[in-house]
Amino acid sequence: MERRIVQWWEFSLLGACGGAAVEALAMLRWLAVWRDARRTPAGRVKGKPPRVRTFIDMPVHGWMLIVRTLLGASVAALFGTTGQISGAYVAVVLGFAAPAVLAQLGSVPQLASVITGTSVRPSGLSSAAAESPQQSGVSETEAS
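These figures come from a predicted structure and were not determined experimentally. (Residues numbered from 1 in each chain as written. Predicted model: local features only at pLDDT ≥ 70, side-chain atom pairs only at ≥ 80, totals over all residues. Heavy atoms only, no water.)

K.L.:
Explain helix α2 (residues 58-81) residue by residue, including any values.
P.N.:
Here α2 contains 24 residues, and its C-alpha end-to-end distance of 34 Å stays within 8% of the 34 Å for a straight helix at 1.5 Å per residue. Those residues of α2 that fall on the buried side of the exposure criterion are H61, G72, A73, V75, A76, A77, F79 and G80. Buried residues along α2 sit against α1 (8-37), α3 (88-96) and α4 (98-106). In the segment just after α2, G83 is the residue with positive phi, at about 85°. (Helix = DSSP H or I, 4+ residues; strand = E, 2+ residues; numbered from the N terminus. Expected span 1.5 Å × (residues − 1). Buried < 20%, exposed > 50% of the residue type's maximum accessible area, 1.4 Å probe, protein only. Contact = heavy atoms within 4.5 Å.)

So this is what it looks like as structure tokens:
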């Protein structure tokens, strides 16, 4: 059986589908809340039911759809082209979870230092202890 290679644009398209699915689920949730608000506890439609616009802010959902789709496409393409993922299912899931993945990656000290341009010291060391013996003016023989 021949193994199919997924191209970068396929990863991107699949990730975009995952990102769009998140916003579709968010809208579905608000539609369910609207549906429940239209009915009395007995299940009848209220005399004057609330309008759908009261529960769904279409401009915001439109922008969120664009942002989530682009994030999903970008993250899936990035992970796919660098060999971190290899399958279609993972690309969709990565698109679905793109905001959380990016937030997690941003919390890694080494990546944060690359993004912000600041240096990262090993945790638990003071600034003097983080310096090498040559930088602090102490020779290796004196340090040991």
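Now that the structure has been shown, the text picks up again.
K.L.:
Give me the lowdown on the pattern of salt bridges, citing residues and values where you can.
P.N.:
Per the stated rule, a full pass over the model turns up 2 salt bridges. Two residues, R68 and E23, come together in a salt bridge whose shortest N-O distance is 3.1 Å. In this pair, R68 is assigned in helix α2 and E23 in helix α1, connecting sequence segments 45 residues apart. According to the relative accessible area criterion, R68 is partly exposed, its value standing at 23%. Among the salt bridges present, the one from R35 reaches D36, with a minimum N-O distance of 3.2 Å. On the accessibility criterion, R35 (48% relative accessible area) is partly exposed. (Salt bridge = Lys/Arg side-chain N within 4 Å of Asp/Glu carboxyl O.)

K.L.:
If you had to explain the confidence of the model for the protein chain to someone new, which residues and values would you point to?
P.N.:
Taken residue by residue, the protein chain gives an average pLDDT of 83. The fraction at 70 or more is 78%. Mean pLDDT in the protein chain bottoms out at helix α6 (residues 127-130), which sits at 49, and peaks at α1, which reaches 95. (pLDDT = per-residue confidence, 0-100.)

K.L.:
Account for the environment of R35, naming residues and giving values.
P.N.:
With respect to the helices, strands and loops of the structure, R35 is situated in helix α1. A C-alpha to C-alpha distance of 9.4 Å links R35 and V45, two positions 10 residues apart in sequence.

K.L.:
I'd love a proper account of the packing of α3 against α4, names of residues and values included.
P.N.:
Across the interface, α3 lies against α4 with an axial gap of 5 Å and an inter-helix angle of 75°. As judged from the angle between their axes, α3 and α4 are roughly perpendicular. For the pair α3 and α4, the contacting residues are L94, G95 and F96 in the first and A98, P99 and V101 in the second. Class assignment of the residues belonging to the contact of α3 with α4 gives a composition of 5 nonpolar, 1 polar and no charged. (Axes fitted to C-alpha atoms, helices over the stretch in contact; angles between N-to-C directions. Parallel < 35°, antiparallel > 145°, perpendicular 65-115°, else oblique. Nonpolar A, V, L, I, M, F, W, Y, C, P; charged D, E, K, R; others polar.)

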